[in-house]
Amino acid sequence: DVKVTQSSRYLVKRTGEKVFLECVQDMDHENMFWYRQDPGLGLRLIYFSYDVKMKEKGDIPEGYSVSREKKERFSLILESASTNQTSMYLCASSIAGGTGLINYGYTFGSGTRLTVV
Amino acid sequence: AQSVTQLDSQVPVFEEAPVELRCNYSSSVSVYLFWYVQYPNQGLQLLLKYLSGSTLVESINGFEAEFNKSQTSFHLRKPSVHISDTAEYFCAFMNTGFQKLVFGTGTRLLVSP
């Protein structure tokens with residue numbers, strides 16, 4: 001069974017800490033995405049990557065950075081965590097374009113619920 | 001601006017009743033349309049999609065959605081819901097030629113006995 005695995009299900013961090021959220025996929029997908037999910041706001045795209053060492057900003061990149069050193073791994077970094085970054089973070093991956101992408105869509109991980117205190 | 005609107009944040013229904021979850025999109029180009037479902041404490045799963053052809057698409061668990069180009073809508077329906085359908089449902093679209101999904105704000109379906 002193909003998977004997107006997020007390393008932590010729940011995480012509690014202190015304000016000002018540097019936080020790493022890890023995501024690994026075993027489907028050899030080119031595209032990877034980080035979203036945050038908040039009640040009433042749906043899913044908002046933070047960053048995405050179409051290839052190794054490539055990244056593009058999404059709709060809400062402020063306060064975040066990403067790293068993709070290997071195809072299967074996409075890390076989200078909170079440089080200095082703040083309480084307004086308390087949220088559910090979802091990682092997703094997909095095939096790069098074409099019929100494969102539109103037929104199978106995105107595959108999501110189970111999410112990391114981050115609380116910043 | 002390109003966007004997806006889900007008009008209802010929460011829809012409570014009784015078991016075996018019919019339900020419709022509404023979705024409207026705004027885009028100046030052709031789109032692919034999707035419904036995703038998120039069960040409690042899980043990630044999102046693809047429920048069904050409209051790519052082309054027949055405007056009525058169905059899922060394996062009894063949901064269906066109809067693409068209406070003139071009304072720019074893609075409403076999700078089920079004639080008889082089960083308790084196990086309790087979840088959050090997200091409508092999304094992808095512009096043809098792009099690789100990013102744009103999501104709506106979600107509708108929480110609450111099915112009670």
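Right, let's walk through the structure included here. (Residues numbered from 1 in each chain as written. Chains lettered and ligands numbered in written order. Predicted model: local features only at pLDDT ≥ 70, side-chain atom pairs only at ≥ 80, totals over all residues. Heavy atoms only, no water.)

Examining the pattern of salt bridges
Within the structure shown, the criterion is met by 12 salt bridges over all chains. The partner of A:Asp38 in a salt bridge is A:Arg44, and the shortest N-O contact between them spans 2.8 Å. Since its relative accessible area comes to 11%, A:Asp38 is described here as buried. Taking the relative accessible area as the measure of exposure, A:Arg44 reaches 26% and is therefore partly exposed. Close ionic contact of B:Arg77 with B:Glu20 constitutes a salt bridge, the shortest N to O distance being 2.8 Å. Taken together, the residues span a long stretch of sequence, with B:Arg77 in strand 9 (residues 73-78) and B:Glu20 in strand 3 (residues 19-21) at a distance of 57 residues. (Salt bridge = Lys/Arg side-chain N within 4 Å of Asp/Glu carboxyl O. Buried < 20%, exposed > 50% of the residue type's maximum accessible area, 1.4 Å probe, protein only. Helix = DSSP H or I, 4+ residues; strand = E, 2+ residues; numbered from the N terminus.)

With respect to the interface of chain B and chain A
By convention, interface size is frequently given as the accessible area that disappears when the constituent parts associate. With 21 residues of chain B at the contact, the number on the chain A side is 26 residues. The junction of chain B with chain A conceals about 1700 Å² of combined surface from both sides, 57% of it contributed by carbon and sulfur atoms. Our count for the contact surface shared by chain B and chain A stands at zero salt bridges. At the junction of chain B with chain A, the criterion picks out five residue pairs in polar contact (both at pLDDT 80 or more). For the side of chain B that touches chain A, the elements supplying multiple residues, two or more each, are strand 5 (31-38), strand 6 (44-50) and strand 10 (87-95) of chain B. Take the side of chain B that touches chain A: its biggest share by element is four residues, from strand 5 of chain B. When its residues are assigned to classes, the side of chain B that touches chain A shows 11 nonpolar, seven polar and three charged. (Contact = heavy atoms within 4.5 Å. Buried area = accessible area lost by both parts, 1.4 Å probe. Polar contact = N/O pair within 3.5 Å; in protein donor to acceptor, adjacent residues only side chain to side chain. Nonpolar A, V, L, I, M, F, W, Y, C, P; charged D, E, K, R; others polar.)

Examining the nonpolar core
Within the largest apolar cluster, 28 residues are counted, with the highest numbers of intra-cluster contacts made by B:Leu33, B:Trp35, B:Leu47, B:Leu48, B:Phe74, B:Leu76 and B:Tyr89. Contributing elements (two or more residues each) for this core: strand 2 (10-14), strand 3, strand 5, strand 6, strand 8 (64-68), strand 9, strand 10 and strand 12 (107-112) of chain B. (Core = buried A, V, L, I, M, F, W, Y, C linked by side-chain atoms within 4.5 Å.)

Some remarks on the state of the cysteines
Counted under the stated rule, the structure contains two disulfides over all chains. Linked covalently through their sulfurs, A:Cys23 and A:Cys91 form a disulfide whose S-S length is 1.9 Å. A torsion of -75° about the S-S bond marks the disulfide between A:Cys23 and A:Cys91 as left-handed. Separated by 68 residues along the polypeptide, A:Cys23 in strand 4 (residues 23-25) and A:Cys91 in strand 10 (residues 87-94) bring together distant segments of the chain. The two residues A:Cys23 and A:Cys91 agree in class, both being buried. Here B:Cys23 connects covalently by a disulfide to B:Cys91, the sulfurs 1.9 Å from one another. In this structure, the disulfide formed by B:Cys23 and B:Cys91 twists by about -65° around the S-S bond and is classed as left-handed. (Disulfide = S-S within 2.5 Å.)

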